[in-house]
Amino acid sequence: MPLLIRRIGFYLIAAYAAITLDFFIPRMLPGNALSAILTQMRGVVTPAQLASMAAEYGADDKQSLLSQYFTYVGHTLSGNFGLSLSHQETPVSTVLGGDLPWTIGLIGSATVVAFLLGTLIGIMAGWRRGGLLDAIVPVSTFFQAIPYFVLGLLLLIIFGSDLAWFPIGGGYDTTNRYVTYVQGWNWPYMSSVLQHLVLPGTTVVLASIAGWIVGMRNMMITTMDEDYVLVAAAKGLSRFRVIGIAARNAILPTISNFTLSISLVVTGAVLVEVVFDYPGIGNEMFNAITAADYPLLQGILLVVTFAVLIANFLADLAYVVLDPRSRREA
Amino acid sequence: MTAVQAGPVLGEPVLEVSKLCIDYGLPEDGGVRAVTDVTFTLRRGEVLGLAGESGSGKSTLAYAIPRLLRAPGVITGGDVIFHQRPVGGGPSQAVDMLTADAETLANIRWVDLSMVFQSAMHALNPVARIEGQLTDVLRRHRPGWSPAQRKERAVELLQMVGISADRLRAFPHELSGGMRQRVMIAMALALEPALVIMDEPTTALDVVTQREIIEELMELRERLGFAVIFITHDLSLLLELADTIAIMYAGRLVEMATATELVRAPRHPYSQGLLNSFPALHGAKKRMVGIPGAPPSLRAMPAGCKFHPRCVHAGESCLSVEPRLARPNGSFSARTVACTLQDGSRPTPAELALPDPAETAPSRFRTPAAAVPAPSDPNQNLTVGDLS
Amino acid sequence: MTSTLPTETMTGGSPATPAAPARRRRRHYPIKVQVGAGITLFFILIAIFGPELAPHSAAWVANTTNGTPQPPSGSNWLGTDNTQHDLYSALLLGARSTLLISFVAGAFATVLSVAMGVTSGYVGGVTDEVMSIITNIFLALPGLLILMVILKPLPPGDQNNSLVIGFVVALSSWAYGARALRAQTLTLRDQDYVVSARVIGERKRRIVIYEILPNLLPIVAASFIFTVIYGMGVYVALCYLGVVSPASGSWGTLLQTAQASGAIEANQWWWYLPPALCIALVGIGLALLNFGIDEIINPRIRSSRSKRRDVKFQLGLTPVVRPATSTVVEGEQL
């Protein structure tokens, strides 16, 4: 329990740091960049909105920095992220609301697959040392070393373009002349979604599975040196049970290592979205940068950061559940 | 020569080890020999103490017997015969441990042969509750039992070692060191095996707890009648609780005798050195003499007798001839020693030629003197068949 | 892009095995390390000598009229892009900025992680708490995204400055190494030789430099390689997304221009495949090196192959191998 409370405390601090960082980003821009943005917006937003935006970005001197800061924090906590410049004044929160499910779907499914497959392969590779499975280590190193999006590009080229097994972009089929897909829980739409999920999902899986495999394999090897695994064999328990005991213990450090890699997975997935033109937050971010849509950027940054923190917290929760030693009173 | 009294009951053998050799690593991979030609017989209910310095091979030997030695350990010679008593009663069956398949071994393990490890902190699964660790063997080897029966047995086991039943749901890290060791012992006795191998079970504990646990152990042994192979580097402990003591050096047995015989009349210079290494509580103060030098590295074994570089009595023959385990010249007990000082080829120093003590209490494991081979048959094992 | 950083290792029990076989007396590097080092060195050489080896300068064009990229030919080994620049030269020239910034980022990140991790682990107390929180914040925040936002509006002059870009990239990757180093420093701190140095009264700085740092070298090396790999990934991503466009071009910008000009759809593989493959190869070379170092740190995880195939070492089933001859030779290797 104390461990969890410390972690929650940390996440609150990190969230606070993220909000503060976000606040300062537009203010760090060189002076002329800021006024260029405001000039660009002159024809797009009403003068009143422009004035309030200028106030929010500190372009006018009416409010002190501190009060601007508090206004900003207040807005953020109430979900008001401002208006998106590149989406015709749609609130940022609406834009993000539309993108978030796609990204979560991509990252979520890919992570689950990578975790399940990776740990299983890692367990077998660790148990049967010196066997064929040991060759999996250099193979996964191969995938581990290539930047996410280069891998995505290669997959796109081979399977999307050359072999044309899978579509080369989008979240679902929007170019089909014969059928119009309606979003919702209907099979044609879902199957199109799945079809479009394969390549980007596979990219994320391939790039992240190596960490699971190698991590689990190494932990299995180390764990199998422990006496309690030998005791399990000495008890005459079935091989399955002995492996299970070892794996159950080996998975603990693997999970805590996972928390380290969450932000890497998220950034990687974001890049993959750009490669595949996937309608998620990553793609949105790329467009926002090109269009210098700062309110949208700030919103994205915050949402992604909070998502990473929440994912970290869930992993911490899993660790506390799985390792009774961590529940010890300090 | 004092006649040796014949024991009233002769325990039948439960484990016969003959000329067992164990290597680390295969020869092709640059392996090295760790244990050479170990031969002994263990009888039902007997406590055999296996003593020696670190690296003498005693743990290697103990783990190899149930085929639990980790990689890169390899058994390269000899035989290990375990005499298994079938569940329904009847004569015991001999099982060749070295050729047994995985299933045979799994059926013997813990049912007839269990182990107590050195460090309970590392030998208990840190993420599993005590109850689970006690009952998983029941689930495996007594499939007909209901969960209630298993739990009842678990409670019984804990009470047997003096732990209250409310500790069933605890995790290992919530128990004290002594308690954990007791749990290990209870766990090892769950199926009332015929042989328990204990690898330095009390080394990691403080002396007070050590004493408590040893006493509990001996009491349990009286009650349940299992044989014990007790491995330790602490010879003084063995002198109290072992029936027979085997001294190991450089992977070989150098002396085997009853505890009384060993402490009153050691025959091997190494045993004498070990005995001189710890002070007596009573009597005049003696100058403590250790054993100069260090045990040889497994890769650089001296020729001839492995102990000769450290032996004050080393002679010419010791540099080239490796002595075999045999009855000391002029002895009529079942004890054996591997030393040229005792085979009649050289004069025996006085301190190594003290008379065999007369047994005041009959030992269960005395063989009649006539059945013990004369020194001219140095390598004959003692088996039940030898006795007329 | 997650490579394995060394984590805590647990201690085992049961009979201790003797020292490893004599094979290890010679410093014999596993094949992984050799291949990895070879690949990395090859590309480093290209980075250093690239501009000299390139047949054409960055500004050279084959002709000014043709707007279609040309496939490889005798004069242009990797063909041309849509403005008729020689792609082979572009590849060689791009190597320098890509690798330079990756290594600069790695260097900065390693220095930062050593400073933060070792200090935090050794000094302890409030300093440790504060530094740990800072480290964890950097771990939790999505570095690349923040970088994207910060770097976009940077003036072009700064974009060419390898030190600035390298440093900024390093900010997103130092935290991993810091964590690993802190954990290891904590362990080392309680080792007997460190404790005795403290008792003697050696000054903290001396202890850290002479007692602790040498034992951290394997982790520092692994951390350095990791940050170089990561730095390359980040930098190439930034170029690919157009956030950073160095004047000398990099492999990432090659990919960016390729995709922007529709080279993928047009199947102009000579444009986008070489930079992608080069990035992948450098990554693989570094990762192999990293993995080799991991094995040196923790020898147990080496893939062990026995010369005999029929002997299986399985837990709970010690193999029985009776030699063909019964003679036992004492004191030598069998």
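Under an unreviewed UniProt entry, the name given to chain C is ABC transporter permease, and the organism recorded is Actinospica durhamensis. The record held by UniProt for chain C lists under Subcellular location (unreviewed entry) the comment "Cell membrane". Recorded in UniProt for chain C, the comment headed Sequence similarities (unreviewed entry) runs: "Belongs to the binding-protein-dependent transport system permease family."

As annotated in an unreviewed UniProt entry, chain A carries the name ABC transporter permease and comes from Actinospica durhamensis. Its UniProt record gives chain A a comment under Sequence similarities (unreviewed entry), which states: "Belongs to the binding-protein-dependent transport system permease family."

A separate point is the sheet that holds strand β10 (residues 252-258) of chain B. The pairing of strands in a sheet happens through backbone hydrogen bonds and is either parallel or antiparallel. Residue and element names in this part refer to chain B. Strand order in this open sheet of seven strands is β6-β7-β8-β3-β9-β10-β11, and the pairing throughout is mixed. Each of the sheet's edge strands pairs with one partner strand only, and the pair in question is β6 (113-116) and β11 (336-337). The pairing of strand β7 (residues 195-199) with strand β8 (residues 227-232) spans five bridges and is parallel. Bridge pairing in β8 links leucine 195 to alanine 227. Its contacts with the sheet place helix α6 (residues 177-188) against β6 and β7, and it is angled at close to 175° to β6.

All names here are of chain A. UniProt's entry tags residues 7-25, 102-127, 193-214, 258-276 and 296-322 with the feature "transmembrane region" (unreviewed entry), counted in the numbering of this structure. End C-alpha to end C-alpha, residues 102-127 measures 37 Å, and it is 100% helix and 0% strand. Taken end to end, residues 193-214 is 100% helix and 0% strand, and its first and last C-alpha atoms sit 31 Å apart.

To continue, consider the interface of chain A and chain C. The interface is formed by 75 residues belonging to chain A together with 63 residues belonging to chain C. Contact between chain A and chain C buries roughly 6200 Å² in total, counting both sides, with carbon and sulfur atoms accounting for 72%. Together, A:Leu260, A:Leu264 and A:Ile289 form the three largest contributors to the area buried by chain A at its contact with chain C, with a combined 10%. Where chain A meets chain C, there are one salt bridge. Measuring nitrogen to oxygen at the nearest pair gives 3.6 Å for the salt bridge that ties C:Glu129 to A:Arg6. Joining chain A to chain C, the criterion identifies zero residue pairs in polar contact (both at pLDDT 80 or more).

Turning our eyes to something else, we now look at unusual backbone geometry. A negative phi angle characterises most non-glycine residues, just as the trans form characterises most peptide bonds. All names here are of chain B. Of the consecutive residues alanine 71 and proline 72, the connecting peptide bond is found in the cis state with omega at 0°. Mapping proline 72 onto the fold places it in the loop between α1 (58-64) and β4 (73-84). One non-glycine residue with positive phi stands out, namely lysine 19, at about 45°. We classify lysine 19 as partly exposed; its relative accessible area is 41%.

This part covers the confidence of the model for chain C. Residues and elements named next belong to chain C. When the pLDDT values of chain C are averaged, the result is 76; 80% of them are 70 or greater. The spread of mean pLDDT over the elements of chain C runs between helix α5 (residues 156-159), the lowest at 63, and helix α2 (residues 87-123), the highest at 88. In this model residues 16-26 is a low-confidence stretch, pLDDT under 50, and it forms 13 contacts with partners more than four residues away in sequence or in other chains. Across residues 326-334 the pLDDT falls below 50, and counting only partners more than four positions away or on other chains, this stretch makes 16 contacts in the model. At the level of chain-chain contacts, confidence expressed as ipTM amounts to 0.82, with global pTM at 0.79.

Right, let's talk about the nonpolar core for a bit. Counting residues in each nonpolar core, the largest one holds 137 residues, and the members touching the most others are A:Phe149, A:Met285, C:Met148, C:Leu238, C:Trp251 and C:Leu255. Inspection of this core shows a minimum of three residues originating in each of domain 1 (2-91) and domain 2 (93-323) of chain A. Among residues more than four places away in sequence, those in contact with C:Trp251 are C:Phe43, C:Leu91, C:Gly94, C:Ala95, C:Thr98, C:Leu99, C:Pro275, C:Cys278, C:Ile279 and C:Val282. The next biggest cluster of nonpolar side chains, apart from the first, holds 131 residues, and it includes A:Ile251, B:Ala51, B:Leu241 and B:Ile245.

Conventions we followed
- Residues numbered from 1 in each chain as written.
- Chains lettered and ligands numbered in written order.
- Predicted model: local features only at pLDDT ≥ 70, side-chain atom pairs only at ≥ 80, totals over all residues.
- Heavy atoms only, no water.
- UniProt positions renumbered as here; feature names shortened; annotations may be inferred.
- Pairing = 2+ DSSP bridges.
- Helix = DSSP H or I, 4+ residues; strand = E, 2+ residues; numbered from the N terminus.
- Contact = heavy atoms within 4.5 Å.
- Axes fitted to C-alpha atoms, helices over the stretch in contact; angles between N-to-C directions.
- Buried area = accessible area lost by both parts, 1.4 Å probe.
- Salt bridge = Lys/Arg side-chain N within 4 Å of Asp/Glu carboxyl O.
- Polar contact = N/O pair within 3.5 Å; in protein donor to acceptor, adjacent residues only side chain to side chain.
- Buried < 20%, exposed > 50% of the residue type's maximum accessible area, 1.4 Å probe, protein only.
- pLDDT = per-residue confidence, 0-100.
- Core = buried A, V, L, I, M, F, W, Y, C linked by side-chain atoms within 4.5 Å.
- Domains from an automatic or database assignment.

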